[in-house]
Amino acid sequence: MKHIFEQKVFYSDTDAYGVVWHGSYLRWLEMGRVGLCEMMGYSLIDLVENHDISMPVVNLNIKYKMSAKLDDTMIIESEISAFNGCTVTFKQTIRSKQNLKPYVEAEVVVVAVNSAGKLYRRMPEILAEAFEKEVKCPALV
């Protein structure tokens, strides 16, 4: 399964050099991960409030390949690339809608913790089954 959405670059996304500020890409990547979880049927608010599960980022590997500029339209793609029972890895790409060139490529690793910040040694079953299934048989968009 792949979550895909478009994001227009606004003035507030840019820095003093007139290009997208590096932190804006991180916000779009988060939007992609949240959207993918929602496509899989999991609301992050529901996970926190009803299952005591939060999923913080523990590792982020990002390659900035090109700089987007004001008024560009970006395409953000997110999918699950790995699951080992404790961590889930998202593969994410941000491309230009105009020329489809990749501007950012990222791998983001998340874990599950409870409201006290204690790590679940194994991903809670409610998520583990879905992540395992997605890695074994990725659904088509």
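First, a word on what this report is: a plain description of the structure on this page. Residues take numbers from 1 onward in each chain, read along the sequence in its written order. Only residues with pLDDT of 70 or above have their local features reported here, since the model is predicted, and side-chain atom pairs are shown and tallied only from 80 upward, although totals for entire chains, interfaces and linings are computed over all residues. Water and hydrogen atoms were dropped before computing side-chain values, which therefore reflect all heavy atoms in the structure.

1. Considerations on the overall build of the chain
Consideration 1: In this description a helix means any DSSP run of H or I spanning at least four residues, a strand means any run of E spanning at least two, and both kinds are numbered starting from the N terminus. Helix and strand content of the chain: 3 helices and 5 strands.
Consideration 2: Overall, the chain shows an N-to-C arrangement of helices and strands of β-α-α-β-β-β-β-α.
Consideration 3: Restricting the calculation to C-alpha atoms gives the radius of gyration, and the globule rule supplies 2.2 Å times the number of residues raised to the power 0.38. The C-alpha atoms of the chain give a radius of gyration of 16 Å, which matches the 14 Å a tight globule of 141 residues would have.
Consideration 4: In the chain, which comprises 141 residues, the share counted as buried stands at 43%. Between buried and exposed lies partly exposed: a residue is buried under 20% and exposed over 50% of the maximum accessible area for its type, with that area taken using a 1.4 Å probe on protein chains only.

2. Focus on the pairing of strand 5 (residues 102–110)
Consideration 1: Paired strands, as defined in this entry, are two strands with at least two bridges between them according to DSSP. Inspection of the sheet shows strand 2 (residues 57–64) paired to strand 5 by 7 bridges, in the antiparallel sense. Bridge assignment links Tyr64 to a residue of strand 5, and that residue is Val104.
Consideration 2: Connecting strand 4 (residues 88–96) to the antiparallel partner strand 5 that follows it, the hairpin turn spans 5 residues, and Leu100 within it adopts a positive phi of roughly 65°.

3. A short note on the sheet that holds strand 4
Consideration 1: Judged by pairing direction, the sheet is antiparallel, and its 5 strands sit side by side in the order 1-3-4-5-2 without closing on themselves. Two strands close off the open sheet at either side, each with one partner strand: strand 1 (3–8) and strand 2. For this sheet the average axis-to-axis angle between neighbouring strands, irrespective of direction, equals 20°.
Consideration 2: Pairing analysis gives 6 bridges linking strand 1 to strand 3 (residues 73–83), with the strands arranged antiparallel. Of the residues in strand 3, the one forming a bridge with Glu6 is Ile75.
Consideration 3: The contact criterion used is simple: two residues touch if any of their non-hydrogen atoms lie within 4.5 Å. Every axis corresponds to a line fitted to the C-alpha atoms, with the helix fit spanning only the stretch in contact, and the corresponding angles, defined between N-to-C directions, vary from 0 to 180 degrees. Running at roughly 100° to strand 3, helix 3 (residues 125–136) makes contact with strand 3 and strand 4 of the sheet.

Nothing here speaks to function; it is all geometry.
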